[in-house]
Amino acid sequence: MKVTDHLKNANGKTLFTIEILPPLKGENIRNLFNNIDPLMEFKPPFIDVTYHREEYVYRKMPGGLLEKITTRKRPGTVGICAAIQNHYKVDTVPHIICGGFSKEETENALIDLHFLGVDNVLLLQGDAIKSESKFVAEPDGHKYASELLEQVVQMNKGKYLDDELHIADPTNFCIGVAGYPEKHYNAPNLKSDIKYLKLKVDMGAQYVVTQMFFDNNKYFEFVDLCRNNGINVPIIPGIKPLTGKAQLTVLPKTFNIDIPEALSEEAEKCLDNTAIKEVGIQWAIEQSRELVKKGVPTLHFYSMGKSDPIYRIAKELF
Ligand SMILES: Cc1cc2nc3c(=O)[nH]c(=O)nc-3n(C[C@H](O)[C@H](O)[C@H](O)COP(=O)(O)OP(=O)(O)OC[C@H]3O[C@@H](n4cnc5c(N)ncnc54)[C@H](O)[C@@H]3O)c2cc1C
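Residues numbered from 1 in each chain as written. Predicted model: local features only at pLDDT ≥ 70, side-chain atom pairs only at ≥ 80, totals over all residues. Heavy atoms only, no water.

1. Examining the packing of aromatic side chains
Here a ring pair, both rings aromatic, is described through the centre-centre distance and the interplanar angle of the planes. How we decide: Pairs were defined over the aromatic rings of Phe, Tyr and Trp, the Trp ring being its six-membered one, requiring ring centres within 6.5 Å. Orientation was assigned from the angle between planes: stacked under 30 degrees, edge-to-face over 60, tilted for the rest. Every helix listed is a DSSP run of H or I at least four residues long, and every strand listed is a run of E at least two residues long, numbered separately from the N terminus. Only protein chains enter the accessibility calculation, which uses a 1.4 Å probe; a residue whose area is less than 20% of its type maximum is buried, one above 50% is exposed, and one in between is partly exposed. Note on criteria: charge over ring means Lys NZ or Arg CZ within 6 Å of the ring centre, with the direction from the centre no more than 35 degrees off the ring normal.
The full count for this structure, using the stated rule, is eight aromatic pairs. Between the aromatic rings of Phe16 and Phe318, the centroid separation amounts to 5.6 Å while the plane-to-plane angle is 65°, which identifies the pairing as edge-to-face. With Phe16 in strand 1 (residues 15-20) and Phe318 in the segment after helix 11 (308-317), this residue pair connects regions lying 302 residues apart in the sequence. Looking at Phe16, the relative accessible area reads 1%, which means it is buried. The exposure class assigned to Phe318 is partly exposed, which follows from its relative accessible area of 35%. Relative to Phe220, the ring of Tyr219 lies with its centre 5.7 Å away and its plane at 65°, an arrangement referred to as edge-to-face. As far as burial versus exposure is concerned, Tyr219 and Phe220 are alike and both buried. Grouped by ring-pair contacts, the aromatic residues Phe16, Phe42, Phe301, Tyr311 and Phe318 constitute a single cluster. The positively charged end of Lys68 is found above the aromatic ring belonging to Tyr56, 4.0 Å away from the centroid.

2. Side note on the pairing of strand 4 (residues 66-71)
Heads up, the rule is: In short, DSSP must find at least two bridges between two strands for them to pair.
Relative to strand 4, strand 3 (residues 55-60) is paired through six bridges, and the arrangement is antiparallel. Residue Lys60 lies in a different strand from strand 4, and its bridge partner there is Leu66. Linking strand 3 to strand 4, which pair antiparallel, is a turn of five residues; within it Gly63 sits at a positive phi near 100°.

Printed below as a string of structure tokens:
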């Protein structure tokens, strides 16, 4: 079932949803299930599964020379989606990225998903390769999420890359895209970012999921700005509880977001990460309560591989 249908069927009630990471290469899928089993108590109607592109690692060769190896540390997004749908009978939303994919590889991945009965995709530019300072598109791939979106929109109309295909079964993907209440790090300003978000929605995106934020006002202002600019699709707030001291600097740097003064001051007072985690959980509970009061479509939690803080938050809300 499509994300948009889940939202419609909720009749204004706020849903509980999560984003998970595929396990590290070599790990058993049972670990992933063990991690998310407790969250099933809150009946997520859909689960997002991130996509992780290849990275470069260097291995020491005999003689001291370094060999550069390309490896994907968290493969399996498509397989995990199918496994979750099979195991929990819950819909999934695989993230599909431009980076590292040719158009042909994208098409093949979408065909796999279509055959597997996955009805949703979240379309993204994707992160840059970890050791590279900026995103570089594949020569025969897409540069922006909007270009990837155009490919999916065409497939939904039965138009594949080979326009001489005699049989081209239309896919039927519900399309989500990303939005940034505090602006994407590459955008010169929020207005420009909103312009490109509107382009994605006008081209066929049916809902938006936001980057994490710790100050609800940033989300409310973003929603107002979107509405004033003609973006009228559901805007799902992304929430991540603070769980460690390092995140006070890593999250702002990585995601171009602010940690509110009140939260960072509380966290600074903590003696260890266990105490910071408590502060983070309480903050996220307050954030979530206000968001539910304002009638957001779903509280969408970034699990980043750890479900226990999310369980604590959800238990207070659902
Ligand atoms: C909810 C969510 C989930 C995510 N999941 C993943 C994941 O699973 N895997 C992963 O690798 N990354 C993921 N990311 C990170 C994301 O891929 C990065 O933030 C990426 O840098 C931008 O992706 P986008 O789809 O928003 O890009 P785009 O919409 O392509 O925008 C990228 C930048 O270019 C600008 N822009 C857009 N279109 C144009 C244009 N036509 N001309 C000029 N400028 C333009 C935008 O303003 C923005 O600054 C996720 C992010 C979010 C918010």
